[in-house]
Amino acid sequence: MHSSFMPPRRVKIGDAAAFAGSTPRAIRHYHEIGLLPEPERGSDDRRRYEYEDIIRLLWIRKMADAGIALDDIRDAFTTGTASAGAGADSGEGIAGILERLEQTLTEQEAKLRRQRTAVQRMRTEGSRMGLLSDFVTERLKSLPEGSLRQADLDSLLVTERIFGPLGAAVQATRFVALATHPTLREDSDRIDEAEEALDDSVAVDDPRVAQVAVERHAFESALQAVIEESGLGKDDDDLFDAWDTLHPEDGKDEADLSSGTRDADSMSVFEAIGKMPYDFSPARLRCMELAEELSAQESPVT
C-alpha cells in the first residue's frame, strides 16, 4: 500500500509562528505595523498563511536577529516593492538595509568603546571623581588622597552640569584651597553649620541671619586672599588659556563660564539653576543675599 504525504497549502498562525521561530503575538504585531501583509480570514475567521508568507517571516526573523529594527526591515521590503519589476523581498531593498545596518553597528561599536573608556576611567579615578570631566579632575590630581570630601565632588558635578567643565574647574580652586589649608576648612565647616541652622524655624529678621552673613563674607574674603597669595588665582588664569587652546571654536568671553563644552541636552544656565532643587529656608536665602550685598559694597568701583 503506497501512501504519500501532502503538505498543506495554507497553515494557521500558530504553525506559521512555530516554523519561523516566532510567536503568534509577534506576527500580529508585524501585521499592525505593515511589515507583513495580513492574509484574508477563512470561513472559520482564522488567518491562513501561504508559502510566501513563511518566507517573509523567515527573512524578518533572520534580520531581526542581526539587530535590524522592524521599521527598517519594513522599509527594505517597501523599497523592494517599489523597484521596477521587483518583488516585495527584492535583494535591492535588502542590500540597502544591510548597508545601513553595517553603518549603524559601526557607530554603536564606537559608542561602546567610548563607554568602556569612560567606565575604565571611573574605576581608575574613583567612582565620584571619575564622573567629572578630565579638565576638572586634572585640577585636583595634586591633592592628597582623601583630602576631597564627597560633598565637594558632588558640588563640582552640579557646577559642571550648569556651567560646563571650565566653570567646574574654576570652582575646584576653592576646594583645592580648603583641602590644603586645615584652618580654612575648619572655618568653612563652622559657617556651613551656622547656615544650616537657619532653618524654617528662624525668622528672616532674626539677628542670627545678619550675623552669619557677616561671618560668611569674612570667610569668603579670607579664602580669596589665600587663593591669591598661594598662586591658585594664577592657576585660574592658566585654566582659561588651556580651555581656549583646547576649544578655540568657542570664541567667547572669559567671563562667560558657560562657554565650556556641554552635553547636547544641556539647558541654559538660567533654566538649569531654576530646575536644581536646594532646600534653603527663607532665613538662609536672606543670609545669602546679605553676604552678597556685603561683597558688593567692598567691590572697587570701576
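Just so you know, these numbers come straight off a predicted model, no measurement behind them.

## A look at the overall build of the chain
Along its length, the chain carries twelve helices and zero strands. When the helices and strands of the chain are placed in sequence order, the string is α-α-α-α-α-α-α-α-α-α-α-α. The buried share among the 302 residues of the chain stands at 32%. Summed over its atoms, the accessible surface of the chain is roughly 19500 Å², and 53% of this surface lies on carbon and sulfur atoms.

## Brief notes about a negative patch on the surface
Among the surface-exposed residues, Glu228, Glu229, Asp237, Asp241 and Asp244 lie close enough to one another that they form a single negatively charged patch. It is helix 10 (residues 232–246) that contributes the most residues to the negative patch, three residues altogether. Here Glu229 lies in helix 9 (residues 207–229).

## Regarding helix 1 (residues 13–20)
By the burial criterion, the buried members of helix 1 are Ile13, Ala16, Ala17 and Ala20. What you see down the axis of helix 1 is that its buried residues fit within an arc of 95°, all on one side. Turned more than 90 degrees off the buried face of helix 1, the exposed positions are Ala18 and Phe19. Those residues of helix 1 that are buried are in contact with helix 2 (24–32) and helix 3 (51–65). Gly21 occupies a position one or two residues after helix 1 and carries a positive phi of about 75°.

## Structural notes on the packing of helix 7 (residues 150–180) against helix 10
In helix packing, the relevant descriptors are the interaxial angle and the interaxial distance, both defined with respect to the helix axes. Running from amino to carboxyl end, helix 7 crosses helix 10 at an angle of 160°, the nearest separation of the two axes being 10 Å. When the axes of helix 7 and helix 10 are compared, the pair comes out roughly antiparallel. At the point where helix 7 passes helix 10, the crossing takes the right-handed sense. Only Leu232, Asp236, Leu239, Phe240 and Trp243 of helix 10 make contact with helix 7, whose side of the interface consists of Pro165, Leu166, Ala169, Val170, Thr173, Val176 and Ala177. Looking at the contact of helix 7 with helix 10 residue by residue, the class counts come to ten nonpolar, one polar and one charged.

## Quick word on the packing of aromatic side chains
Scanning the entire structure with this criterion turns up two aromatic pairs. Ring centres of Phe135 and Trp243 lie 4.9 Å apart, and the angle between their planes is 75°; this geometry places the pair in the edge-to-face category. One end of the pair, Phe135, is in helix 6 (residues 134–140); the other, Trp243, is in helix 10, with 108 residues separating them in the sequence. There is no split in this pair, since Phe135 and Trp243 are both buried. Taking 5.5 Å as the distance between ring centres and 25° as the angle between the ring planes, the aromatic pair formed by Tyr278 and Phe280 counts as stacked.

## Considerations on helix 10
Along its 15 residues, helix 10 runs 21 Å from first to last C-alpha, staying within 8% of the 21 Å computed at 1.5 Å per residue. Here helix 10 has its buried residues at Leu232, Gly233, Asp236, Leu239, Phe240 and Trp243. With its buried residues spanning 115° around the axis, helix 10 presents them on a single face. Lining the buried residues of helix 10 we find helix 6, helix 7 and helix 9.

## Quick word on the pattern of salt bridges
Scanning all chains against the criterion turns up 21 salt bridges. Asp152 is paired through a salt bridge with Arg185; the nearest N and O atoms lie 2.9 Å apart. Linking Asp152 in helix 7 with Arg185 in helix 8 (residues 182–196), this pair joins segments that are 33 residues apart in sequence. Assigned by exposure class, Asp152 and Arg185 land together as buried. A network of salt bridges, in which partner residues are shared, links Arg174, Asp192, Glu195, Arg216, Glu220 and Arg284.

Criteria and cut-off values
- Residues numbered from 1 in each chain as written.
- Predicted model: local features only at pLDDT ≥ 70, side-chain atom pairs only at ≥ 80, totals over all residues.
- Heavy atoms only, no water.
- Helix = DSSP H or I, 4+ residues; strand = E, 2+ residues; numbered from the N terminus.
- Buried < 20%, exposed > 50% of the residue type's maximum accessible area, 1.4 Å probe, protein only.
- Areas by Shrake-Rupley, 256 points an atom, 1.4 Å probe, with all protein chains shown as cover.
- Patch = residues over 30% accessible without salt bridge, like charges linked within 9 Å, V, L, I, M, F, W, Y side chains within 5 Å.
- Salt bridge = Lys/Arg side-chain N within 4 Å of Asp/Glu carboxyl O.
- Lys, Arg positive; Asp, Glu negative; His and termini not counted.
- Charge placed at Lys NZ, Arg CZ, Asp CG, Glu CD.
- Arc of directions from axis to C-beta.
- Contact = heavy atoms within 4.5 Å.
- Axes fitted to C-alpha atoms, helices over the stretch in contact; angles between N-to-C directions.
- Parallel < 35°, antiparallel > 145°, perpendicular 65-115°, else oblique.
- Left-handed = near helix turned anticlockwise from the far one by under 90°.
- Nonpolar A, V, L, I, M, F, W, Y, C, P; charged D, E, K, R; others polar.
- Phe/Tyr/Trp six-rings, centres within 6.5 Å; stacked < 30°, edge-to-face > 60°.
- Expected span 1.5 Å × (residues − 1).

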